[in-house]
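# Observations on the three-dimensional arrangement
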Amino acid sequence: MTWGPLMMYYHCPKCGMKFEYALDVMVEFGDKFGHCPKCDVMGVYEKEGARQPDDKEYFEVE
């Protein structure tokens with residue numbers, strides 16, 4: 001049984017956007033991992049884990 005990808009949840013301190021990154025794309029994004037896809041500023045870390053019940057509120061950065 002698998003729980004799916006490990007997600008890291010953030011919000012942008014500039015625009016307020018909620019977004020998430022799957023931990024397995026960290027290498028692909030490098031230093032940009034955790035950055036807001038809209039403003040390109042480092043997001044404020046909220047939580048991490050398997051997909052959360054409020055997951056639909058967050059934009060998945062791919």
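Our subject is the structure listed above.
Residues numbered from 1 in each chain as written. Predicted model: local features only at pLDDT ≥ 70, side-chain atom pairs only at ≥ 80, totals over all residues. Heavy atoms only, no water.

Along the protein, the regular secondary structure elements total one helix and four strands. For 62 residues, the compact-globule formula gives about 11 Å, and the C-alpha radius of gyration of the protein, at 11 Å, lands near that figure. Its C-alpha atoms give the protein principal-axis dimensions of roughly 40 × 25 × 15 Å. The 62 residues of the protein split such that 31% are buried. Long-range contacts, defined as pairs at least 24 residues apart, comprise 55% of the intrachain contacts of the protein with a sequence gap of at least 6. (Helix = DSSP H or I, 4+ residues; strand = E, 2+ residues; numbered from the N terminus. Rg over C-alpha atoms; globule rule 2.2 N^0.38 Å. Buried < 20%, exposed > 50% of the residue type's maximum accessible area, 1.4 Å probe, protein only. Contact = heavy atoms within 4.5 Å.)

A separate point is the sheet that holds strand β3 (residues 44-49). Within the open sheet, the four strands sit side by side as β3-β1-β2-β4. Their pairing is mixed. A single partner strand is all that each edge strand has here, and the edge strands are β3 and β4 (59-61). On average, adjacent strands in this sheet sit at an angle of 30 degrees to one another, irrespective of strand direction. Here strand β2 (residues 18-22) pairs with β4 via three bridges, running parallel. (Pairing = 2+ DSSP bridges. Axes fitted to C-alpha atoms, helices over the stretch in contact; angles between N-to-C directions.)

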